[in-house]
Amino acid sequence: MWQPDGWDAAVRVGVLAPHADVGPESEINAMARGAVGVHAARVPFGAMTAGGAMDRTIPLAPVAAFVQPPHIDDAVALLAAAPLHAIGIGFTSASYLIGADGEKDVVARLSARSRGIPVVATGAAAADGLRRVGVSRIALVSPPWFDAELDELGTQYFQSQGFEVGFHAPADLPSEQRSIEPAQLYEWARASTPRSAEAVFIGGNGFRSVGVIAALEDALGVPVLTANQALLWGMLRAAGSPIALDGYGRLFTLS
């Protein structure tokens, strides 16, 4: 008689997202399909304006500012007032820019405001996911709004975690979030990924990508991870509630 109303979600996660970016919660909600409650908090990001307009190539200063106090710390405290099981930082760029050690420091600082709720960063979740699928040599795909420096910082991030990055590049697609179509990303990634790659990681939580995971895995024959997929997987693990989600990659079948 009664229709689903979202109150029965066994797991609830919080997502810290750039203030004008709907990508992280859109993709995480799509993957969760009602099994996970998704709740977002907005953090100011100086490279985006109201309505979601973004610089064609994002500068690094606003990326660094995103994870600096006080805004993101206050956002964590507000999220943590809700009955959540994990909180995720939906911002790959910052992970790349500050590196794995800096990312750990940010997680530790934010954890002091989270009432004991685990805090998960996208970069660390992606590295853990790649280890979980048992690979060492990866292809790294960045959003078209990453410049060569930020893309290279992504390479350095994964190299610091023990991975060999055999290919890395910003995708040659429109540099505007809402202009990205799954078919475009699929064709570019399929054509660009070298046969030597044991897995693909598509970075950028605002980069529309989770819809191509299954198709790319079929085409390439290797695991495909994306920023929001890895973040959700990491949050579920941190919450002690690994949930198998069909259609979004091998990673969820190994939880």
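Above this text sits the structure in question.
Because the structure is a prediction, the values reported are computed rather than measured.

Caption draft 1: A look at the nonpolar core. Counting 90 residues, the largest nonpolar core has Leu16, Ile89, Tyr96, Phe158, Ile202, Phe207 and Met235 as the members making the most contacts within it. Ranked by residue count, the leading element in this core is helix H9 (residues 227-238), at seven residues. Setting aside residues up to four positions removed in sequence, phenylalanine 207 forms contacts with Glu27, Val141, Ser142, Pro143, Pro144, Trp145, Ala171, Leu173, Ile180, Leu185 and Ile202.

Caption draft 2: Geometry of the sheet that holds strand S2 (residues 36-43). Reading across the sheet, the four strands line up as S2-S1-S3-S4 and stay open at both edges, with parallel pairing between neighbours. Edge positions in the sheet fall to S2 and strand S4 (119-121), since each has one partner strand and no second. Looking at each pair of strands side by side, their axes are set apart by 25 degrees on average, direction ignored. Relative to S2, strand S1 (residues 11-18) runs parallel, the two sharing eight bridges. Each residue of the ladder has a partner; that of glycine 14, found in S2, is histidine 39. The strands touched by helix H5 (residues 122-132) are strand S3 (86-89) and S4; relative to S4, the strand with the most contacts, the crossing angle is about 75 degrees.

Caption draft 3: Inspection of the packing of H5 against H9 at higher detail. One way to put it is that H5 packs onto H9 with a least axis distance of 8 Å and a crossing angle of 85 degrees. Considered as vectors, H5 and H9 are oriented roughly perpendicular to each other. Of H9, the residues touching H5 (which contributes Thr122, Ala125, Ala126, Asp128, Gly129 and Arg132) are Ala227, Ala230, Leu231, Trp233, Gly234 and Arg237. Of the residues in the contact of H5 with H9, the class split is six nonpolar, three polar and three charged.

Caption draft 4: Focus on the sheet that holds strand S7 (residues 199-202). Ordered in space as S6-S5-S7-S8, the four strands form an open sheet in which the pairing is parallel. Two strands close off the open sheet at either side, each with one partner strand: strand S6 (164-170) and strand S8 (224-226). Each neighbouring strand pair of the sheet contributes to a mean axis angle of 20 degrees, computed without reference to strand direction. With three bridges connecting them, S7 and S8 associate as parallel partners. By the bridge assignment, valine 200 is partnered in S8 with valine 224. Together, strand S5 (137-142), S7 and S8 form the strand contacts of H5, whose direction differs from that of S8 by roughly 165 degrees. Sheet strands in contact with helix H8 (residues 213-220) are S7 and S8, and its direction is about 150 degrees off that of S8.

What counts and how
Residues numbered from 1 in each chain as written. Predicted model: local features only at pLDDT ≥ 70, side-chain atom pairs only at ≥ 80, totals over all residues. Heavy atoms only, no water. Core = buried A, V, L, I, M, F, W, Y, C linked by side-chain atoms within 4.5 Å. Buried < 20%, exposed > 50% of the residue type's maximum accessible area, 1.4 Å probe, protein only. Helix = DSSP H or I, 4+ residues; strand = E, 2+ residues; numbered from the N terminus. Contact = heavy atoms within 4.5 Å. Pairing = 2+ DSSP bridges. Axes fitted to C-alpha atoms, helices over the stretch in contact; angles between N-to-C directions. Parallel < 35°, antiparallel > 145°, perpendicular 65-115°, else oblique. Nonpolar A, V, L, I, M, F, W, Y, C, P; charged D, E, K, R; others polar.

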